[in-house]
Structures are given as C-alpha cells and as structure tokens.
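Chain by chain, the residues run as shown.
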Amino acid sequence: MKKILATILLYITVLPFFAHGGGNYEHSDFFKTMKPGDKAAILMVHFGTTHADTRELTIDALNDKVRKEFPEVELCEAYTSRIIIKRLGERGINKQNPLEALKQLHADGYTHVLIQASTIIDGVEMESLEKNVDEVEPLFKDIRIGNPLLYTPEDYEKVTEILTDDTDGKIAYVWVGHGTYDATTAQYAMLDYMLKAKGHKNHFVGTIEGYPAFEDMLAQLKASGLKKVVLTPFMFVAGEHAKNDIAEDWKNDLEEEGFTVELQLKGLGENPAIQDLYISHLKFKAGHRKIGIMKKKAIYEVTGEVMH
C-alpha cells in the first residue's frame, strides 16, 4: 500500500510537467537547487578542429554567446576527438577531453555542471559523452546534458527553416553531413524527408560515412532536373571533411555528372540561428530534468495511462 501511495504521489507531482518537453521532462530549476558554498559551471563540448579560421567562427563564437547568456557562470570547454587533441597538443595548444574536464571541475570544487555539446545528431558522440557523465555523476550534486542540434521533431522543423531561408527554388542545395554507420544515421534521412515534406524539394541531404550516401543523394538530385548545385557542409565546423571530402571529392564527382557546383564552405556553427538553437537547448536543461523511463513506467503502472 505504501508503495502504491508513493507512486500515486509521484504521478500527481509529475503530471503537470508532462505538457512541456513531450512528456519526457519535469520542471527543475538547476540554479535554485544550489546551496551556499555550491559552485556552478558550464562545460561546452565540441568534436574540435585543427583549423583556427573555422574554430573562431564556430566553436569560439558559440562559447562567447553562451558566456553572454550566462555571465555569472564559469565556462570551460572540452574536445571529444583524441586525434585533434593530439595534433593541437603538438602545437602547444592543450585541450581536455570531456572526462578530464569533468574531473578537473570536481577537483576545483564545482558542484553543479551544465553540459552542452555542439553535436549535430544524437549519435555515438552523445553516447560517449553520456557515459563520461555516468562515470562522474556521483561527484556532483547536479549534472545535466543539453540535447544535440537535432533531437525533437521541433528541432528538425527549426533547422529546416534555417537551411531554407533565402534560397532559390531553381538551385539544388546539397547538405553534406558526416554520417555514421549505426542506426542513428537515420536522423539525416529524417531531415531530408522533412525538407521534402515542407515543400523544399530542391534540398538534398547526403553523408560521407553513412546513409544517405552520395549515390542516394545523387539519384534524387538527378530526378529533380536541376543542374546548378550549391554544395555545403552540414557540420558544425567546416574543417577537414569540408575542405577535403566535400570541396574536392564531392565537388569533382558532381561536376563529372554534369552539374555546375558552387561551394559554400561554412560550418553550421557560423549561423547565429543555429547558435541560438543550441543555447535554447542549454536553457531548457537549466529549467528541466529528464524523467527516466522507470519513473514513467511507475506512473503507467498506477494510472493505466500512457503519458505523452
């Protein structure tokens, strides 16, 4: 009986918050949980780049924007690419990986940490970050991770609006993502589907290492009848992949197929609207905590209802 009453109380407590965040979050003010003596920090996590030009326009620009939004909170960063960390280290530029940064924050006395990654999809990079957080979670009083760029259907809609703003219907826009070989590559296909569903049939999504592959994108592009192509990375930074795979391989392959190709080697992180979307995810996590599946199942068990 006590267990049932406790679960009912849980249901009553959580119910008002199901309307916000698609039923997966409850309101919880990150900063109001802090007590005297507690210290908060924001950890920005990036894949990283060895190219200083694109770093300043993307990674540094987003970090600076977050500082302005949270002026009273300490901000630090971490890179996830071990290869990039190694190459920068050889130049005398030291970058920590997320686990090192989190352990350093604990050593420096921080008790509350908000994390925001500039990751595009909810893939292996986010999985790795979540495992890092699981490892150090007992060291902090509160630690939360913001969602990647594409997470909810609303995110896809906003990104679709951003990508198609001020575009020409007589030109084909090819967006090239990094891609992944696991099931999460379907998120690129979802973006491509939504672009078409919203009427933007001259926008095409392809990936370097996943699906849709170049051949999948090319089949749609040929069917469109369009001959002029604007080729753009669908990546946070325009680094190695943009300057090698896209600017050389993809461009050459498209030209061999008879297309006229214009390069726009700008990372998504250069777009202020994309930066704002990441910041909105960070702010949302500062005000909400995700409800675990077991907690939701406990509610279902008592109410018999599936909460959405």
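Residue positions are given per chain, counted from 1 along the sequence in the order it is written. Only residues with pLDDT of at least 70 get local features here, since the model is predicted, and only at 80 or more are side-chain atom pairs given and counted; chain-wide, interface and lining totals rely on the full set of residues. Just so you know, side-chain values use all the structure's heavy atoms and leave hydrogens and water out.

Counting from the N terminus, the helices are DSSP H or I runs at least four residues long and the strands are E runs at least two residues long. Per the secondary structure count, the chain includes 12 helices and 10 strands. For the chain, the C-alpha atoms occupy an extent of roughly 70 × 55 × 30 Å along the three principal directions. Each residue is placed in one exposure class: buried if its accessible area under a 1.4 Å probe, protein chains only, is under 20% of its type's maximum, exposed if it is over 50%, and partly exposed if it falls in between. Counting only residues that meet the buried cut, the chain has 48% of its 308 residues in that class. Contact definition: two residues touch when any of their heavy atoms are within 4.5 Å. Put simply, of all contacts in the chain between residues at least 6 apart along the chain, 78% involve residues at least 24 apart. If you sum the accessible surface of the chain, you get close to 15,400 Å²; carbon and sulfur atoms cover 53% of it. Here the open area of atoms and residues is found with the Shrake-Rupley method and a 1.4 Å probe, where only the protein chains shown may cover a residue.

A word on the UniProt feature "binding site: Co(2+)" (unreviewed entry) in the chain. When the UniProt feature table is mapped to this numbering, "binding site: Co(2+)" (unreviewed entry) covers His 178, Glu 209 and His 241. For this annotated set, covering 64 residues, all C-alpha atoms fall within 10.7 Å of each other, a compact arrangement in space. Lining the largest pocket, from this annotated set, are His 178, Glu 209 and His 241. In this view, Glu 209 contacts His 178, Gly 179, Thr 180, Tyr 181 and His 241; residues no more than four positions away in its chain are not counted. Along the chain, His 241 falls in helix H10 (residues 240–256). On the basis of relative accessibility, which here comes to 24%, the residue His 241 falls in the partly exposed class. Non-local contacts of His 241, meaning those with residues more than four positions away in its chain, are made with His 178, Ile 208, Glu 209, Met 235 and Ile 246. UniProt positions are given in the numbering used here, feature names are shortened, and annotations may be inferred rather than shown by experiment. Definitions used throughout: a 1 Å grid over protein atoms alone; a cavity as a set of points that fits a 1.4 Å probe which cannot get out; a pocket as an open set with protein on both sides within 12 Å along at least five of seven lines; a lining residue as one with an atom within 4 Å of a point.

The next point concerns helix H4 (residues 82–90). Where H4 is concerned, the buried positions are Ile 84, Ile 85 and Leu 88. Viewed end-on, H4 has its buried residues packed into an arc of 100°, placing them on one side of the element. For H4, the exposed residues set more than 90 degrees away from the buried face come down to Ile 83, Lys 86 and Glu 90. Looking at the packing, one finds that the buried side of H4 touches strand S3 (74–79). Gly 92, located one to two residues past H4, shows a positive phi value of around 85°. By definition, the arc is the one covered by directions from the helix axis to the C-beta atoms.

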